[in-house]
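# Summary of structural features
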Amino acid sequence: MAGSILFFAGLIVVFTSLLSGSFLILLGAFTGFSSTGTIIDTEKRRIRFLNNFFGIIPAGKWLPIEDSMKLGLKESNLTWTSYSKGNRALDIKNGDYRVVLYDEENHEIMEVSKSDTPESASARMEKISDKTGIALI
């Protein structure tokens, strides 16, 4: 949200100051429109974790899917802590379930997807396994 606000503020400021407006547009476009994702190519049996810079420039390396790779579920519990001026802590918990790709020695390679419930993550994991032929843990 902050990136989108910076982007649109840059569009307004660019008419008064070209340098400041251009900087705000670039900063806002980078923070507001950049994202991450995973692409699975089932025909060539490869997977790619990518970062979309500015929302249009993909960057990531293709990884061939090997027969020894496995898919598993991992629960993620992130807690964000903020402190008030009175030194009171405010904790915000953010938990989800992630489908993870493992190598033959059960070392984590990459996170493939995330879901809010274990049922939806399990269903997604089974769907990916059926399409790619990757074994499940």
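This structure is a prediction, so every number in the text was calculated from the model and none was measured. (Residues numbered from 1 in each chain as written. Predicted model: local features only at pLDDT ≥ 70, side-chain atom pairs only at ≥ 80, totals over all residues. Heavy atoms only, no water.)

## Some points on helix 3 (residues 118-132)
Think of an α-helix as 3.6 residues a turn; residues three or four steps apart then line up on the same face. Relative to the 21 Å expected for 15 residues at 1.5 Å per residue, helix 3 spans 21 Å between its end C-alpha atoms, a close match to the ideal helical length. Those residues of helix 3 that fall on the buried side of the exposure criterion are Ala121, Met125, Ile128, Ser129 and Thr132. Along the long axis of helix 3, the arc covered by the buried residues comes to 100°, so they all point the same way. Summarising the geometry of helix 3, the exposed residues directed more than 90 degrees from the buried face are Glu119, Lys127, Asp130 and Lys131. Looking at the buried residues of helix 3, the elements they touch are strand 1 (35-41), strand 5 (70-83), strand 6 (89-102), strand 7 (108-115) and strand 8 (135-136). Taken from the residues just after helix 3, glycine 133 is the one with a positive phi, measuring 85°. (Helix = DSSP H or I, 4+ residues; strand = E, 2+ residues; numbered from the N terminus. Expected span 1.5 Å × (residues − 1). Buried < 20%, exposed > 50% of the residue type's maximum accessible area, 1.4 Å probe, protein only. Arc of directions from axis to C-beta. Contact = heavy atoms within 4.5 Å.)

## Describing unusual backbone geometry
With a phi close to 60°, phenylalanine 54 is a non-glycine residue in the positive phi region. As for its position among the elements, phenylalanine 54 is in the loop between strand 2 (46-53) and strand 3 (57-59). Residue class for phenylalanine 54 comes out partly exposed when judged on its relative accessible area of 30%. The phi angle at asparagine 87 is positive, at roughly 65°, despite the residue not being glycine. Within the fold, asparagine 87 resides in the loop between strand 5 and strand 6.

## Digging into the packing of helix 1 (residues 2-13) against helix 2 (residues 18-33)
Between two packed helices, what matters for the description is the angle formed by their axes and the separation of those axes. With their axes 7 Å apart at the nearest point, helix 1 and helix 2 run at an angle of 160° to one another. Looking at the two axes, helix 1 sits roughly antiparallel to helix 2. In this structure, helix 1 crosses over helix 2, and the sense of that crossing is left-handed. Along its contact with helix 1, which presents Gly3, Ser4, Leu6, Phe7, Gly10, Leu11 and Val13, the element helix 2 presents Ser20, Gly21, Leu24, Ile25, Leu27, Gly28, Ala29, Thr31, Gly32 and Phe33. Classifying every residue of the contact of helix 1 with helix 2 gives 9 nonpolar, 8 polar and no charged. (Axes fitted to C-alpha atoms, helices over the stretch in contact; angles between N-to-C directions. Parallel < 35°, antiparallel > 145°, perpendicular 65-115°, else oblique. Left-handed = near helix turned anticlockwise from the far one by under 90°. Nonpolar A, V, L, I, M, F, W, Y, C, P; charged D, E, K, R; others polar.)

## A look at helix 1
Relative to the 16 Å expected for 12 residues at 1.5 Å per residue, helix 1 spans 16 Å between its end C-alpha atoms, a close match to the ideal helical length. Among all positions in helix 1, only Gly3, Phe7 and Gly10 are buried. For helix 1, the angular spread of buried residues about the axis comes to 60°, placing them on one side. Exposed positions of helix 1 whose direction lies more than 90 degrees from the buried face are Ala2, Ile5 and Ile12. Tucked inside the fold, the buried residues of helix 1 contact helix 2.

Geometric values such as these leave the question of function open.
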